[in-house]
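# Understanding the architecture of this molecule
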Amino acid sequence: MSSVLYDAQGPRAKQRNILYTVLFVLCAAAVVWWVYDGLAEKHQLDWIKWKPFFTSSQPWETYIWPGFQNTLKAAFFALIIALPLGALFGIGRLSDHRWVRIPAGFVVELFRAVPVLILMITANAVYAEYTTIDTDVRPLYAVVTGLVLYNFSVLAEIVRAGIETLPKGQAEAAKALGMRKSQIMLSVLLPQAVTAMLPAIVSQLVVIVKDTALGGAMMTFPELLASVRPMSANYGANTIACFTIVALIYIVVNFALTTFASRLERWLRRNKKSKGTAAGGAPETIGTPSLVVDDGRAV
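Described below are features of the structure shown in this document. The shown structure was predicted, so the numbers you read here are calculated from the model rather than taken from an experiment. (Residues numbered from 1 in each chain as written. Predicted model: local features only at pLDDT ≥ 70, side-chain atom pairs only at ≥ 80, totals over all residues. Heavy atoms only, no water.)

### A look at the overall build of the protein
- Along the backbone of the protein there are ten helices and two strands.
- Secondary structure of the protein in N-to-C order comes out as α-α-α-α-α-α-α-α-α-α-β-β.
- Within the protein, the proportion of its 299 residues that are buried is 34%.
- When contacts within the protein are restricted to residue pairs at least 6 apart in sequence, those whose partners lie at least 24 apart make up 70%.
- Carbon and sulfur atoms form 65% of the exposed surface of the protein, whose accessible area is close to 18500 Å². (Helix = DSSP H or I, 4+ residues; strand = E, 2+ residues; numbered from the N terminus. Buried < 20%, exposed > 50% of the residue type's maximum accessible area, 1.4 Å probe, protein only. Contact = heavy atoms within 4.5 Å. Areas by Shrake-Rupley, 256 points an atom, 1.4 Å probe, with all protein chains shown as cover.)

### Quick look at unusual backbone geometry
- The residue His 43 is not glycine, and still its phi comes out positive at about 65°.
- Inspection of the secondary structure assignment puts His 43 in the loop between α1 (11-41) and α2 (47-55).
- Its relative accessible area of 47% is what places His 43 among the partly exposed residues.
- The phi torsion at Thr 220 lies on the positive side, around 55°, for a residue other than glycine.
- Assignment of secondary structure puts Thr 220 in the loop between α8 (181-218) and α9 (228-234).
- In this structure Thr 220 comes out as exposed when scored by relative accessible area, which is 66%.

### Side note on α1
- Here α1 spans 45 Å end to end across 31 residues, near enough to the 45 Å set by a 1.5 Å rise per residue.
- Following α1 by one or two positions, His 43 adopts a phi angle in the positive range, close to 65°. (Expected span 1.5 Å × (residues − 1).)

### Section: the packing of aromatic side chains
- Here the structure, examined in full by the defined rule, presents nine aromatic pairs.
- Taken together, a centroid distance of 5.9 Å and an interplanar angle of 25° make the contact between Trp 47 and Phe 54 stacked. Like Trp 47, the residue Phe 54 is exposed in the burial classification.
- Between Trp 65 and Phe 68, the aromatic rings sit 6.0 Å apart at their centres with planes inclined by 40°, giving tilted as the arrangement. With a gap of three residues between them, Trp 65 and Phe 68 both fall in helix α3 (residues 58-92), about one helical turn apart.
- Taking the relative accessible area as the measure of exposure, Phe 68 reaches 17% and is therefore buried. (Phe/Tyr/Trp six-rings, centres within 6.5 Å; stacked < 30°, edge-to-face > 60°.)

Printed below as a string of structure tokens:
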């Protein structure tokens, strides 16, 4: 039996696939055993190295929780600044005026091409040279600045792409009603593009959360990952245990963000569909009570 994508496998192909599967499982098991044996030989799996995380609140209160707070703080400030800037420059790239479109595109492409770590280091040097920001909070400012400069450029491209995916009939119908360009963008196009952009925006938020670790590695920013070094030194060089706990926290946080985004996207789509038809089967208006879009035509 054949499929649209591939032909049905014959007896020999099925046997080969079974053989490849068995070999892969055996290789994976060998790698897992090799890693486990190496860790056990180095005494990294001994209960004494994992015990502090399960029997005492000190490592959580002294190291993990303060670092986690700084991670969330940097990610939060970076997001609330980068998101409106990204929307502004994304809309600017779609402007009909060259004096707006070209500079917006240049700024977006410039900061999107520079690694975020270089932006953080540069921001830290600028703050140290030309400002009086206290050295205790300067790493936070530098990390947030680097994250904003890089991520607003990525978000600008997300916004531009989300708006351009909408049918042209939306803008044409709004123009037929005499709406200004700013009204079309803010009242018609941008709200509809939010649903399409949401997964990409949340994915970028996950990137922001993880990139805060660069500040801890290069600028002594006391974020979550940076707490591993003092914590490991205080609890008998339990580096593997510390990294494992921190990695699990990152996984839980990022999984919660993606789950929330998926549910929010489904809710927005259901809400959009439920409002797409008014009582009696009449299409709901978009933007204004007299605007109806049907197959790209203003009705």
